[in-house]
Amino acid sequence: ASIKPLVDLTKADMERVNQLILSKAGSDVQMIPEVAEHLISSGGKRLRPMLTIASAALYNYQGDNHIKLATSVEFLHTATLLHDDVVDESDLRRGRSTARMIWGNQASVLVGDFLLGQAFRMMVEVGSLEALDVLSSAACVIAEGEVLQLSVSKNMETTEDDYLSVIRAKTAALFAAAAEVGPIVANAGKAERNALKSYGTNLGLAFQLVDDALDYGGKAADLGKNVGDDFREGKITLPVILAYRRGTEKERAFWRDAIETGNNSDENLEKALGLITKYGALADTIARAVHYGTIARDALAPLPETPWKSALLEVIDFCIERVN
Ligand code: 2DE
Ligand code: MG
Ligand code: MG
Ligand code: MG
Ligand code: MG
């Protein structure tokens, strides 16, 4: 499966989005475009803004507001990444040093704040209170998800439900909002909004489940991030929850020592990977992603068969099969 049908269909609009991204990342304060462009021009997939463009096109939207909303969505995403790499103390993203490694944590947080402000200004320019509501609510929910994740970090008693609440908030909320604002600008009905919201939510859940599987099972060269970051951070993701639940008493003691006490040496990462493999925890994490992918697919079932719909359906499989 490929993202190419979506890339091809959104090409003309995404060129306009990219222009707007560069212009709205501008500032007389030189460090702002410098830091922002480091991340903006680092070869991200632009998946979320493409969802906005596609979900407006699905309902034959003819104006320009979807360009601004797609740009807002990408700015929200970029702001979260700048902040995320500070919170996670990450060194690598998209195969490059993170902004915080080059300019420091302070610059990363503050440039993220600038982009957040610009995102909201563009929403105001669009003038849809409904779109503003959906995107500003998503910003709050994302932050809540990160705080919830922080509050359960290094706690091996974290449940699968806790984990799902975290990823629903920190990742799925922005996918959902990106997809929902399309039908909103296109003045489609409530049922159409809900269909795209459900598609986005479930696609986002699948996306983060795969992200969490790749953090253990991926290759650094593909990922552009370090393998094992989540382990070193003591982040409790589904592969860990499943391996812990299925482990022997001795293995469970190992997990508590590694995650709760913080004995996260490379040797222990290897051991953790061994247990995750032993209990099929990556395969089952991917199976869960497939499950949410199916719900995303079902959400689009009522929509007419168009190239846009096919492209959005193919994105589901792309997100599940991706290696980065
Ligand atoms: C990705 O998780 C989650 C991203 C959300 C980050 C949001 C923050 C709050 P990962 P990777 C930090 C900021 C909120 C704003 C600006 C509204 O697994 O593996 O850490 O790509 O992602 O590092
Ligand atoms: Mg991170
Ligand atoms: Mg994070
Ligand atoms: Mg991750
Ligand atoms: Mg991470």
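Shown above is the structure to which this text applies.
Summarised in this report is the structure supplied together with it. (Residues numbered from 1 in each chain as written. Chains lettered and ligands numbered in written order. Predicted model: local features only at pLDDT ≥ 70, side-chain atom pairs only at ≥ 80, totals over all residues. Heavy atoms only, no water.)

Describing unusual backbone geometry
Move 1: Its identity is not glycine, yet Glu 89 carries a phi of approximately 55 degrees, on the positive side.
Move 2: One can find Glu 89 in the loop between helix H4 (65-87) and strand S1 (92-93).
Move 3: Unusually for a residue other than glycine, Arg 94 sits at a positive phi of about 50 degrees.
Move 4: On the secondary structure map, Arg 94 appears in the loop between S1 and strand S2 (96-97).
Move 5: Note on Arg 94: relative accessible area 25%, which makes it partly exposed. (Helix = DSSP H or I, 4+ residues; strand = E, 2+ residues; numbered from the N terminus. Buried < 20%, exposed > 50% of the residue type's maximum accessible area, 1.4 Å probe, protein only.)

Remarks on the packing of aromatic side chains
Move 1: Per the stated rule, a full pass over the model turns up two aromatic pairs.
Move 2: Centre to centre, the rings of Phe 175 and Phe 207 are 5.1 Å apart; their planes meet at 45 degrees, and the pair counts as tilted. Placement of Phe 175 in helix H8 (residues 160-185) and of Phe 207 in helix H9 (residues 190-217) is noted, with a sequence separation of 32 residues between them. For the pair Phe 175 and Phe 207, one class covers both residues: buried.
Move 3: Consider the rings of Phe 254 and Trp 255, whose centres lie 5.6 Å apart with planes at 65 degrees: the pair is edge-to-face. Of the two residues examined, Phe 254 and Trp 255, each falls in the buried class.
Move 4: The ring centre of Phe 207 lies 5.4 Å from the NZ or CZ of Arg 48, which sits over that ring. (Phe/Tyr/Trp six-rings, centres within 6.5 Å; stacked < 30°, edge-to-face > 60°. Lys NZ or Arg CZ within 6 Å of the ring centre and 35° of its normal.)

Some points on the pattern of salt bridges
Move 1: Tallied over the full model, the rule gives 25 salt bridges.
Move 2: For Arg 93, the salt bridge goes to Asp 84, with nearest N and O atoms at 3.2 Å. Asp 84 carries the same exposure label as Arg 93, and that label is buried.
Move 3: The salt bridge partner of Arg 193 is Glu 130, with a shortest N-O separation of 3.0 Å. (Salt bridge = Lys/Arg side-chain N within 4 Å of Asp/Glu carboxyl O.)

What to know about the environment of Ile 259
Move 1: Counting through the fold element by element, Ile 259 comes out in helix H13 (residues 249-260).
Move 2: Sequence separation between Ile 259 and Glu 233 is 26 residues, and the spatial gap between their C-alpha atoms is 8.1 Å.
Move 3: When neighbours within four sequence positions are excluded, Ile 259 is seen to be in contact with Lys 154, Met 156, Phe 231, Gly 234 and Ile 236. (Contact = heavy atoms within 4.5 Å.)

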